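# A look at the structure
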Amino acid sequence: QVRLVESGGGLVQAGGSLRLSCAASGRIFSTYVMGWFRQAPGKEREFVSAISWIGGNTYYADSVAGRFTISRDNAQNTVYLQMNSLKPEDTAVYYCAARRSRGGVWTAPNEYDYWGQGTQVTVSS
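## Examining the overall build of the chain
Counting its secondary structure elements, the chain contains zero helices and 11 strands. Over its C-alpha trace the chain gives a radius of gyration of 13 Å, about what one expects of a compact globule, namely 14 Å for 125 residues. If you line up the chain on its principal axes, its C-alpha atoms span 40 × 25 × 25 Å. Expressed as a percentage of its 125 residues, the buried residues of the chain come to 43%. Taking the contacts inside the chain whose residues are at least 6 apart along the sequence as the reference set, 57% of them involve residues at least 24 apart. Carbon and sulfur atoms make up 45% of the accessible area of the chain, which amounts to about 6500 Å² in all. A distance of 5 Å separates the average location of the 12 positive side-chain charges in the chain from that of its 9 negative side-chain charges.

## Re the sheet that holds strand 7 (residues 68-73)
Here four strands make up an open sheet; going across it, the order is 1-3-8-7 and the pairing antiparallel. Each edge of the open sheet carries a strand with a single partner, namely strand 1 (2-7) and strand 7. Within the sheet, the average angular offset between the axes of one strand and its neighbour, ignoring direction, is 15°. Here strand 1 runs beside strand 3 (residues 18-26); their pairing, made up of six bridges, is antiparallel. Within strand 3, the residue paired with Arg 3 across the bridge is Ser 25.

Reading the values: rules and limits
- Once a new chain begins, its residue numbering starts again from 1 and follows that chain's sequence as written.
- Given that the model is predicted, a residue must reach a pLDDT of at least 70 before its local features are reported, and side-chain atom pairs must reach 80 or more before they are shown or counted; all residues, however, enter totals for whole chains, interfaces and linings.
- Here the side-chain values reflect all heavy atoms present in the structure, with hydrogen atoms and water set aside.
- Put simply, DSSP marks the helices as runs of H or I at least four residues long and the strands as runs of E at least two long, and each gets a number from the N terminus on.
- For the radius of gyration, the atoms used are the C-alpha atoms, and the globule rule reads 2.2 Å times the number of residues raised to 0.38.
- Only protein chains enter the accessibility calculation, which uses a 1.4 Å probe; a residue is then buried when its area is under 20% of its type maximum, exposed when over 50%, and partly exposed in between.
- Every residue pair with non-hydrogen atoms within 4.5 Å of one another is taken to be in contact.
- Every accessible area reported is derived by Shrake-Rupley at a probe size of 1.4 Å, with residue values counting cover from the shown protein chains alone.
- In this tally, Lys and Arg are treated as positive and Asp and Glu as negative; His is ignored, and so are the chain termini.
- Taken as the charge centre is NZ of Lys, CZ of Arg, CG of Asp or CD of Glu, depending on the residue.
- By this definition, two strands are paired if DSSP reports at least two bridges between them.
- Axis definition: a line fitted to C-alpha atoms, over the contacting stretch in the case of helices. Angles run 0 to 180 degrees between N-to-C directions.

Here you go:
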């Protein structure tokens, strides 16, 4: 069992910044990759970023590359998503996710085994 709890969402003006946190607990040793996804109303869940616990390898969606930074604190079992230069189109519920293997497609939601409840990010124009 792995529990993921997101925090840090809120309302911010375009061009502003937010930092999301994902606190993991339980059998964290069984997970290898942590990811962030987002879902806007009426749209499918889309990949944002991912990082491996070991090595800290990162991957970003083209839509956020250069603006968002994913990081992790292994000692605190926490993953962060620093979001800068936010745009209205970034508005969505952001979900933290974990997968048990490093292989396969990191960008696909169905490749992840555990999910948090999500945290709302709203960017005003």
